[in-house]
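Residues per chain, in single letters:
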Amino acid sequence: MIKDEKILFSGMQATGNLTLGNYLGALKNWLALAGEYTCFYCVVDLHSITVRQDPAELRKRARNLFALYVAAGLDPEENCIYYQSHVSGHAELAWILNCFTYMGELNRMTQFKDKSAKHADNINAGLFTYPVLMAADILLYQTDVVPVGIDQMQHLELTRDIAQRFNAIYGDVFTIPEAYLGKSGAKIMSLQNPEKKMSKSDENPNASIFLLDDKDTILRKFKRAVTDSEAVIAYRDEQPGIKNLLDIYCACTGKMPEEAVAEFSGKGYGELKSAVGETVADLLAPLQKRHVELLTEKDYIDRMIKENAQKADSYALKTLRKVQKKVGFPERVR
Ligand code: ATP
Ligand code: LTN
């Protein structure tokens, strides 16, 4: 599996059903880059418990997320798709990196601020050090590129800072990773509040398109999408609802915003909404079909979970052992 190529690492939390935002901001780019890199696609279940989870539900969602990566078109025999909790190196490296990260840096993280406002009754230390675990995920594999949505850029900058700090003390231990943002779709907004990002943990189900929503549901959600009263289809910040619909359309079709605006010029919002709905439904149809098939391929998924955990583990151990030696832990005698 390990190609003589650069390394790509990315992950998603098993905190809910994947949305169109997750697809266009991340998964779509994972698919586009898969052939060019040695890829690690992680189901980051350690990250998920920074927010309280029902255990049975978390296990189910993590498996569903694993299957969705495959259904989206990532071949688990070519790409290392695995559960973070199956590779203990993530937590071990995170501890070490915690000692190279400053409280002030973590205090600035906007995701921490947002999540602690949302979960005011459970502002745990894991939520605070979440970005350090993310840095460990990435640095453990000597990653070159990390395809993510815009909301993760701050965490990626911190990862680079931690890696550079460590390297400055101990020599060239970590590869310094680069973020990869696609040309479009890096920030898809909520359909009910276009000032806010579409999120899988939004309480309002009409705010997000879920990857497994059926066609009628997709069309209905777009029909109800919040727009404005300008009655003009233009790509501008003053019309965030329309801009978001055009962004979604462009990310699905590969068109440029100007092309899309020209295509819908003189048309009404209803027409734009139904065209975007149809485009999204068509884009998701093959993934949905493959997802249904995969539900019957239990043994295959189980085998992939096991084999890939072993692959990831042996890869991760190389970096972990090097780091442990560098910081001064005694050599292992067994
Ligand atoms: P949660 O609501 O639980 O915080 P989320 O929907 O923000 O979850 P994550 O698991 O945090 O999803 O993100 C997985 C990937 O999807 C990340 O690369 C993230 O940048 C990307 N992503 C998430 N939401 C969007 C969005 N609205 N637009 C573009 N990319 C997104
Ligand atoms: N923090 C990310 C998920 C995540 C991740 C990673 C993404 C955890 N570890 C490593 C890329 C690389 C999120 O909340 N979306």
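For the structure itself, consult the block above.
Predicted model only: the values in this text are computed from it and were never measured.

Asks: Lay out the site of ligand 1 in plain terms, naming residues and giving numbers.
Replies: Around ligand 1, 21 residues are found, and the nearest of them are Lys-115, Asp-151, Lys-197, Ser-199 and Ser-201. Between ligand 1 and Lys-115 there is a distance of 2.7 Å, counted from an oxygen atom to a side-chain nitrogen or oxygen. One of the side-chain nitrogen or oxygen atoms of Lys-200 is found 2.7 Å away from an oxygen atom of ligand 1. With four residues, helix H1 (residues 20-33) is the single largest residue contributor to the shell around ligand 1. Among the residues forming the shell around ligand 1, the class breakdown is six nonpolar, 10 polar and five charged.

Asks: Tell me about the pairing of strand S1 (residues 7-12), and please be specific about residues and values.
Replies: In terms of burial, S1 is a largely internal element, five of the six residues being buried. As defined by bridge partners, S1 adjoins strand S2 (residues 38-43) across six bridges and the pair is classed as parallel. Residue Phe-9 lies in a different strand from S2, and its bridge partner there is Phe-40. Of the crossover connections in this fold, the one passing from S1 over H1 to the parallel S2 is right-handed.

About the thresholds
Residues numbered from 1 in each chain as written. Chains lettered and ligands numbered in written order. Predicted model: local features only at pLDDT ≥ 70, side-chain atom pairs only at ≥ 80, totals over all residues. Heavy atoms only, no water. Near = heavy atom within 4 Å. Polar contact = N/O pair within 3.5 Å; in protein donor to acceptor, adjacent residues only side chain to side chain. Helix = DSSP H or I, 4+ residues; strand = E, 2+ residues; numbered from the N terminus. Nonpolar A, V, L, I, M, F, W, Y, C, P; charged D, E, K, R; others polar. Buried < 20%, exposed > 50% of the residue type's maximum accessible area, 1.4 Å probe, protein only. Pairing = 2+ DSSP bridges. Right-handed = clockwise from strand over helix to strand, strands pointing away.

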